[in-house]
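Understanding the architecture of this molecule
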Amino acid sequence: MAAQDAGELAAWLRLLSAPGIGRVQARETLTAFGSPQAVFGATPGERRSRLGEAATQALGQAPESEAALQKVLAWIDAAPGRDWLSLGDPRYPQLLMQTADPPLLLYLHGRAELLNTRCLAIVGSRNPTAQGADNARAFAEHLGRGGLTIVSGLALGIDGAAHTGALAGGNGTIAVVGTGLDIVYPRRHRELAHRIAESGLLVSEFPLGTAPLAPNFPQRNRIIAGLSVGTLVVEAALE
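The following paragraphs examine the structure supplied in this document.

The rules behind each value
Residues numbered from 1 in each chain as written. Predicted model: local features only at pLDDT ≥ 70, side-chain atom pairs only at ≥ 80, totals over all residues. Heavy atoms only, no water. Helix = DSSP H or I, 4+ residues; strand = E, 2+ residues; numbered from the N terminus. Rg over C-alpha atoms; globule rule 2.2 N^0.38 Å. Buried < 20%, exposed > 50% of the residue type's maximum accessible area, 1.4 Å probe, protein only. Contact = heavy atoms within 4.5 Å. Areas by Shrake-Rupley, 256 points an atom, 1.4 Å probe, with all protein chains shown as cover. Lys, Arg positive; Asp, Glu negative; His and termini not counted. Charge placed at Lys NZ, Arg CZ, Asp CG, Glu CD. Core = buried A, V, L, I, M, F, W, Y, C linked by side-chain atoms within 4.5 Å. Expected span 1.5 Å × (residues − 1). Arc of directions from axis to C-beta. 1 Å grid on protein atoms, 1.4 Å probe; cavity = no way out; pocket = protein on both sides within 12 Å on 5 of 7 lines; lining within 4 Å. Points joined across faces, edges and corners; volume = space filled by probe spheres on them. Nonpolar A, V, L, I, M, F, W, Y, C, P; charged D, E, K, R; others polar. Polar contact = N/O pair within 3.5 Å; in protein donor to acceptor, adjacent residues only side chain to side chain. Salt bridge = Lys/Arg side-chain N within 4 Å of Asp/Glu carboxyl O. Phe/Tyr/Trp six-rings, centres within 6.5 Å; stacked < 30°, edge-to-face > 60°.

Let us look at the overall build of the protein chain. A tally of regular secondary structure across the protein chain gives eleven helices and seven strands. Relative to its length of 239 residues, the protein chain is compact, with a C-alpha radius of gyration of 19 Å against a globular reference of 18 Å. With respect to the three principal axes, the spread of C-alpha positions in the protein chain is 60 × 40 × 30 Å. Taken across its 239 residues, the protein chain has 49% of its residues classed as buried. For the protein chain, contacts bridging at least 24 residues in sequence account for 72% of all contacts bridging at least 6. A total of about 11300 Å² of accessible surface is found on the protein chain, and carbon and sulfur atoms cover 53% of it. A distance of 3 Å separates the average location of the 20 positive side-chain charges in the protein chain from that of its 21 negative side-chain charges.

Quick look at the structure:
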């Protein structure tokens, strides 16, 4: 990775770790300054005039990102196909950019070009019937052979069946996960995750080391939907 790219990544990591700065505030900060480097290159007075006192204090408490940066760089260097992608990068998926809450930073492992292919989400029950799992695999394989990239969440049940069928279809699959990409959850999908990294794409907005916490999964679902032109639901429970 070039030094300039590493510097940009360091600024992104620092912005996203600032206490009290959520995704909405981070986007407003970027709108005001144009880039994370510009945010931290500005004086407190400049930040205060554009963002107000609360955001200025929060950004002033943002931790130095060298340790986080080195962790990401080591992860990238450990295997081919690992990368990161920020909002505004030319490779950023166009459909996702048009959503109300696009992720500011994505971690990738696999074929990044799949992000800008025509995608369909297949999701559903974590405890499907055998027929439901067979249907998900068959749909994913058939639609994959027809040119669609199948997107799902690597969960047990329908998600896993959809990824498996898509891999058989040969057109690739995208798994958007609710952990850091250095963690496979659920553990029984470790081999499946490895296969997806080789011929599809693993995606996460969560920092490395992020555990599978319950709030992460609804948050990742907006990315699954945002990448896709439509969603096929198999055996979901009525609520």
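Among the nonpolar cores identified, the biggest contains 38 residues, and Leu9 and Leu59 are the most heavily contacted of them. Beyond its immediate chain neighbours, meaning those up to four positions away, leucine 59 contacts Leu15, Ala18, Ile21, Thr29, Val39, Phe40, Arg47 and Leu51. Counting residues in hydrophobic clusters, the runner-up holds 17 residues, among them Leu85, Cys119, Val203 and Ile223.

Turning to helix H8 (residues 130–145), a few remarks are in order. The end-to-end C-alpha distance of H8 is 23 Å, a good match for the 22 Å that 16 residues give at a rise of 1.5 Å each. If you check which residues of H8 are buried, you get Gly132, Ala133, Ala136, Ala140 and Gly144. With its buried residues spanning 100 degrees around the axis, H8 presents them on a single face. Among the exposed residues of H8, those pointing more than 90 degrees away from its buried face are Ala130, Gln131, His142 and Arg145. Among the structural elements, strand E3 (119–124), strand E4 (149–152), helix H9 (158–169) and strand E7 (231–234) are those in contact with the buried residues of H8. Of the residues one or two after H8, glycine 147 is the one with positive phi, at around 110 degrees.

Considering the arrangement of structural elements, one finds leucine 108 in strand E2 (residues 105–110). Between the alpha carbons of leucine 108 and glutamate 205 there is a distance of 8.9 Å; along the sequence they are 97 residues apart. If sequence neighbours within four positions are ignored, leucine 108 has contacts with Trp75, Gly81, Arg82, Asp83, Leu85, Leu115, Leu181, Leu201, Leu202 and Val203.

The next thing to look at is the layout of surface pockets. The volume enclosed by the largest pocket comes to roughly 470 Å³. For the lining of the largest pocket, the secondary structure elements donating two or more residues are helix H1 (3–16), helix H2 (23–33), helix H6 (66–77) and E2. No other element matches the four residues that H6 contributes to the lining of the largest pocket. In terms of residue class, the lining of the largest pocket is made up of 14 nonpolar, four polar and four charged. Taken as a whole, the second largest pocket encloses approximately 290 Å³ of empty space. In terms of lining residues, the second largest pocket is bounded by 15 residues, among which Val123, Gly124, Arg126, Asn221 and Ala236 are the most central.

To continue, consider the side chain of threonine 173. Along the polypeptide, threonine 173 turns up in strand E5 (residues 173–176). A polar contact is formed between the side chain of threonine 173 and the backbone oxygen of isoleucine 150, at a distance of 2.7 Å.

Our next topic: the pattern of salt bridges. On inspection of all chains with the given rule, the structure shows eleven salt bridges. Here aspartate 83 makes a salt bridge to arginine 91, at a shortest N to O gap of 3.1 Å. On the basis of relative accessible area, arginine 91 is assigned to the partly exposed category, the value being 36%. Because the salt bridges share partners, they merge into one network encompassing Arg23, Arg27, Asp101, Glu205 and Arg222.

Turning our eyes to something else, we now look at the packing of aromatic side chains. The tally for this structure, following the rule as stated, stands at two aromatic pairs. Arranged with centres 5.9 Å apart and planes meeting at 45 degrees, the rings of tyrosine 185 and phenylalanine 217 form a pair that is tilted. With tyrosine 185 in the loop between E5 and helix H10 (190–199) and phenylalanine 217 in helix H11 (residues 216–227), the pair connects residues that are 32 residues apart, well separated along the chain. On the accessibility criterion, tyrosine 185 (41% relative accessible area) is partly exposed.

The residue after tyrosine 185, namely proline 186, is reached through a cis peptide bond having omega -5 degrees. Following the sequence through the fold, proline 186 ends up in the loop between E5 and H10. If you check the backbone angles, leucine 154 has positive phi at about 65 degrees while not being a glycine. Tracing the chain through its elements places leucine 154 in the loop between E4 and H9. The exposure class of leucine 154 is buried, given its relative accessible area of 2%. With phi around 55 degrees, glutamate 235 is a residue other than glycine that occupies positive phi space. Looking at where glutamate 235 falls in the secondary structure, it is placed in the segment after E7. Glutamate 235 gets classed as partly exposed once you look at its relative accessible area, which sits at 35%.

That's the geometry; what it means functionally is another story.
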